[in-house]
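Next come the chains, spelled out residue by residue.
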Amino acid sequence: SRRQDEPKDTIVCKHMVTGITHQQQGEKFATCGENTQLWETGRSLPIRTFKWGVDSVHFVRFNPVETNLLGAGAHDNSIIIYDTRDVGPVRKVVMALRSNAMAWNPMEAMVFTTASEDYSLYSWDLRQLKAPTNIFMDHVAAVVDVDYSPTGREIVSGSYDKTIRIFRSHEGRSREVYHTKRMQRLTSVLWSNDDRYIVSGSDEMNLRLWKARASEKLGIIKNRERNSLQYQEKLKEKYSLHPKVSRIQRHRHVPKHVLNASREHTIIKTSKARKEANLRKHSKPGSMPHLPEKDKKVIEES
């Protein structure tokens, strides 16, 4: 048992390591800290060192489809894309606030989502980084971690507001929210490979296992019961635009602190929009153009 506890290999780094990721198919892995370094198993020195700017990097993720692409987030609020076949970084986009985590879409090689300090998540297309393709809003505190479902159609996020939210990749609002009285601030979330469960880790040192679909029955389902469930889903889809049905589908009970914070954020957003409208009203025509919410988040793209 003592031999089993001993590591097979130990690598000593010159700087503190803040993140690590392994290539989906291959022997390479990457670490981040003061810079991003590419390693290969069996070697004690990095193959390549990537650096863009002077700020340290706090997370790094390999692309599971295009295995040569590497995404990272730096303390200067930037998201950096590296190509391990090239010496330098490929693309860089600077946000208004820092990104805490990143997840690549397992079905679309060029799409990834980042979790931000501004209570939102942003989906990006690597071919067009001038603005995010979608913004996911509903959290009332910084989003700490994010992960994709194996199908690439849904996203799970964990936040500092002590809730887990599930989003459909093409919608901006969450379809489900999970919370408990004992669960504290989230530190990590993970979607299982069978697309049925979500694992979360939180500050009170507990791991929790959640169902990806809260109403889904676990265990063996007979054909008659399966047909009945499918019929019920079709009925929900058919009458989803009915006001009362859509309200029932949208409504979720949330903790009191989340409800109060969301009301406060609504007041703040309304106040900002009113102030902007008044400034535009009393300014020279054309001097204050209407900017989409997506364009306000990106400071610089290179």
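What counts, and at which threshold
- Residues numbered from 1 in each chain as written.
- Predicted model: local features only at pLDDT ≥ 70, side-chain atom pairs only at ≥ 80, totals over all residues.
- Heavy atoms only, no water.
- Core = buried A, V, L, I, M, F, W, Y, C linked by side-chain atoms within 4.5 Å.
- Buried < 20%, exposed > 50% of the residue type's maximum accessible area, 1.4 Å probe, protein only.
- Contact = heavy atoms within 4.5 Å.
- Pairing = 2+ DSSP bridges.
- Helix = DSSP H or I, 4+ residues; strand = E, 2+ residues; numbered from the N terminus.
- Axes fitted to C-alpha atoms, helices over the stretch in contact; angles between N-to-C directions.

Engineer: Please clarify how the nonpolar core should be interpreted in this entry.
Structural biologist: Across soluble globular proteins, nonpolar side chains show a tendency to be buried alongside one another. Ranked by size, the top nonpolar core spans 15 residues in total, and within it Ile-79, Ile-81, Met-95, Met-102, Phe-112, Trp-124 and Leu-126 carry the most contacts. Beyond its immediate chain neighbours, meaning those up to four positions away, Leu-126 contacts Leu-69, Ile-81, Arg-91, Met-110 and Phe-112. Counting 12 residues, the second-largest nonpolar core is a separate cluster that includes Cys-32, Phe-50, Ile-80 and Tyr-82.

Engineer: Explanation requested: the sheet that holds strand β9 (residues 99-104) in the structure shown.
Structural biologist: Sheet strands associate in pairs through backbone hydrogen bonding, adopting either a parallel or an antiparallel arrangement. One open sheet holds the 4 strands; their spatial order is β9-β10-β11-β12, and the pairing between them is antiparallel. Each of the sheet's edge strands pairs with one partner strand only, and the pair in question is β9 and β12 (134-137). Along the sheet, successive strands turn relative to each other by an average axial angle of 20°, direction set aside. Note: β9 against strand β10 (residues 111-116), 5 bridges, orientation antiparallel. Each bridged residue has a counterpart across the sheet, and for Trp-104 the counterpart in β10 is Phe-112.

Engineer: I'm lost on the environment of Pro-89 in this one. Help?
Structural biologist: Along the polypeptide, Pro-89 turns up in strand β8 (residues 89-95). According to the relative accessible area criterion, Pro-89 is partly exposed, its value standing at 23%. For Pro-89 and Phe-50, which are 39 residues apart along the polypeptide, the C-alpha to C-alpha distance reads 6.8 Å. Leaving out residues up to four positions away in the same chain, Pro-89 has contacts with Lys-51, Trp-52, Ile-80, Ile-81 and Tyr-82.

Engineer: Please explain the sheet that holds strand β7 (residues 78-83) as it appears in this structure.
Structural biologist: Spatial ordering of the open sheet is given by β5-β6-β7-β8-β20, a layout of 5 strands whose pairing is antiparallel. Two strands lie at the open edges of the sheet, namely β5 (57-62) and β20 (298-301), each paired on one side alone. Sheet twist, expressed as the average angle between the axes of neighbouring strands with direction ignored, equals 20°. As paired elements, β5 and strand β6 (residues 69-74) share 5 bridges and run antiparallel to each other. In the strand pairing of β6, Phe-59 is matched with Gly-73.

Engineer: What is the right way to look at the environment of Lys-281 in this model?
Structural biologist: Considering the arrangement of structural elements, one finds Lys-281 in helix α4 (residues 256-281). Sequence-wise, Lys-281 and Arg-185 are 96 residues apart; in three dimensions their C-alpha atoms are separated by 42 Å.

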